[in-house]
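# Inside the fold
As a plain string of letters, each chain reads:
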Amino acid sequence: MSQALSPLTPQGVTVETLRVRCATCTMHQLCLPMGLEAADMEKLDEIIGRRRKIPRGGSLFRTGDPFVNLYAIRLGHFKTDQINPSGEEQVTGFQMAGELLGMDAISTDRHHCSAVALEDSEVCEIPFSSLQLLLGEIPALLRHFHRMMSQEITREQSVMLLLGNMQATQRFAAFVVNLASRYEARGYSGTKFQLRMSREEIGNYLGLTIESISRLLSKFKKEGWLRVSNREIEILNPAMLKAITAGSLTKP
């Protein structure tokens with residue numbers, strides 16, 4: 001992954017210079033292990049494929065597609081979804097810059113979900129066959145990849161706990177707290193950000209109706225916990241939201 005390039009290319013700049021480079025990407029510390037040797041970083045750079053732009057509403061991959069690449073999100077936001085037994089869409093997650101998409105397909109060589117861009121986004125393609133060879137050569141990269149897979153499993157378990165045991169107020173508080181911590185890890189504000197997903201998509205993910213999400217936003221605003229302006233959220237009382245998430249304070 002790499003930072004955006006100017007459309008104006010000075011004379012003397014080679015194609016090699018313009019190639020995707022992980023070392024210069026603003027998100028590389030989230031995607032890659034810290035302290036990777038320069039020579040190993042070069043090897044990783046060599047297998048990174050093209051940068052691919054996905055317009056808002058466009059699909060990166062669909063359920064049933066053959067597995068070829070992992071995708072490192074460089075810019076933008078995505079949602080993943082599946083079709084449940086009733087034939088309805090079920091949102092299974094929201095992903096942002098610095099996270100990988102496509103690990104669902106590693107075991108079966110076909111994707112079990114679809115990934116859709118919530119805004120104009122960009123990913124770096126990582127051919128998995130090439131990555132597998134490299135993981136055998138670079139132990140630090142293999143350990144980091146295992147950590148990322150473990151984090152994905154933990155995230156899925158957290159969602160199951162969220163939907164199974166938490167009341168609606170807790171679910172929404174946990175959702176906001178989780179988003180805040182992820183933005184903060186990326187160097188953005190952990191208290192003020194825009195919701196890239198719709199209220200309907202949030203409700204689908206949390207197992208709540210869109211009316212419930214609207215009521216919760218109004219409730220959190222009235223209580224002075226959030227400031228809400230369209231899709232912009234400002235957390236006014238982080239400690240309260242964390243207490244609600246933990247179940248130590250839940251108002252009906």
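These lines cover the structure that appears in this document, whether it is placed above or below. (Residues numbered from 1 in each chain as written. Predicted model: local features only at pLDDT ≥ 70, side-chain atom pairs only at ≥ 80, totals over all residues. Heavy atoms only, no water.)

## Some points on unusual backbone geometry
Keep in mind that most residues, glycine aside, have a negative phi and that most peptide bonds are trans. Phi is positive for D109, which is not a glycine, with a value near 65°. Here D109 is to be found in the loop between β6 (100-101) and β7 (114-117). For D109, a relative accessible area of 48% puts it in the partly exposed group. A positive phi angle, near 55°, is found at N230, a position not held by glycine. Topologically, N230 is positioned in the loop between β10 (226-229) and β11 (232-235). Taking relative accessible area as the criterion, N230 reaches 69% and is therefore assigned exposed. (Helix = DSSP H or I, 4+ residues; strand = E, 2+ residues; numbered from the N terminus. Buried < 20%, exposed > 50% of the residue type's maximum accessible area, 1.4 Å probe, protein only.)

## A short note on helix α8 (residues 210-222)
With 13 residues, α8 extends 18 Å between its outermost C-alpha atoms, agreeing within 8% with the 18 Å of an ideal straight helix rising 1.5 Å per residue. All buried positions along α8 are accounted for by S212, I213, L216, L217, K219 and F220. When α8 is viewed along its axis, its buried side chains cluster within an angular range of 165° and face the same direction. When the buried face of α8 is taken as reference, the exposed residues oriented beyond 90 degrees from it are R215 and K222. (Expected span 1.5 Å × (residues − 1). Arc of directions from axis to C-beta.)

## Examining the packing of helix α6 (residues 168-185) against helix α7 (residues 199-206)
For any two helices packed against each other, one specifies the crossing angle of their axes together with the interaxial distance. Running from N to C, α6 and α7 point in directions that differ by 115°, and their axes come no closer than 11 Å. Relative to α7, the element α6 lies roughly perpendicular. Crossing handedness for the pair α6 and α7: right-handed. Residues R171, F172 and F175 of α6 form the contact with α7, whose participating residues are I202, Y205 and L206. (Axes fitted to C-alpha atoms, helices over the stretch in contact; angles between N-to-C directions. Parallel < 35°, antiparallel > 145°, perpendicular 65-115°, else oblique. Left-handed = near helix turned anticlockwise from the far one by under 90°. Contact = heavy atoms within 4.5 Å.)

## A look at the sheet that holds strand β3 (residues 69-75)
Read from one edge of the open sheet, four strands run β1-β8-β3-β6, paired in antiparallel fashion. One side of each edge strand has no neighbouring strand; the edge strands of this open sheet are β1 (51-54) and β6. Direction of pairing for β3 relative to strand β8 (residues 121-127): antiparallel, over a ladder of six bridges. In the strand pairing of β8, I73 is matched with V123. Packed on one face of the sheet, helix α4 (residues 128-137) meets β3 and β8 and runs near 60° to β8. (Pairing = 2+ DSSP bridges.)

## Quick notes on the packing of α6 against helix α9 (residues 238-246)
Two numbers describe how α6 lies on α9: the axes approach to 8 Å, and their chain directions differ by 130°. Between α6 and α9, the interaxial angle falls into the category oblique. The handedness of the crossing between α6 and α9 comes out as left-handed. Here T169, Q170, A173, A174, V176 and V177 of α6 come into contact with α9, specifically with L241, K242, I244, T245 and A246.

## As for the sheet that holds β10
Spatially, three strands are ordered β9-β11-β10 in an open sheet, and the strand pairing comes out antiparallel. Either end of the sheet is taken by a strand with one partner, and the two such strands are β9 (192-194) and β10. Taking each pair of neighbouring strands and ignoring which way they run, the sheet shows an average axis angle of 15°. Here α6 sits on the sheet and contacts β9, β10 and β11; the angle it forms with β9, its principal contact strand, is near 100°.

## Digging into the nonpolar core
F172, F175, F193 and L226 are the most contacted members of the largest nonpolar core, which has 30 residues in total. Of all the elements in the fold, those that place two or more residues in this core are β5 (89-96), α6, α7, α8, β10, β11 and α9. It is α6 that provides the largest number of residues to this core, a total of seven residues. Filtering out sequence-adjacent residues up to four positions away, L226 remains in contact with F172, V176, L217, F220, K221, I233, E234, I235, L236 and L241. Listed in part, the 19 residues of the second largest apolar core include L44, L131, I138 and M148. (Core = buried A, V, L, I, M, F, W, Y, C linked by side-chain atoms within 4.5 Å.)

Just distances and angles here, no functional claims.
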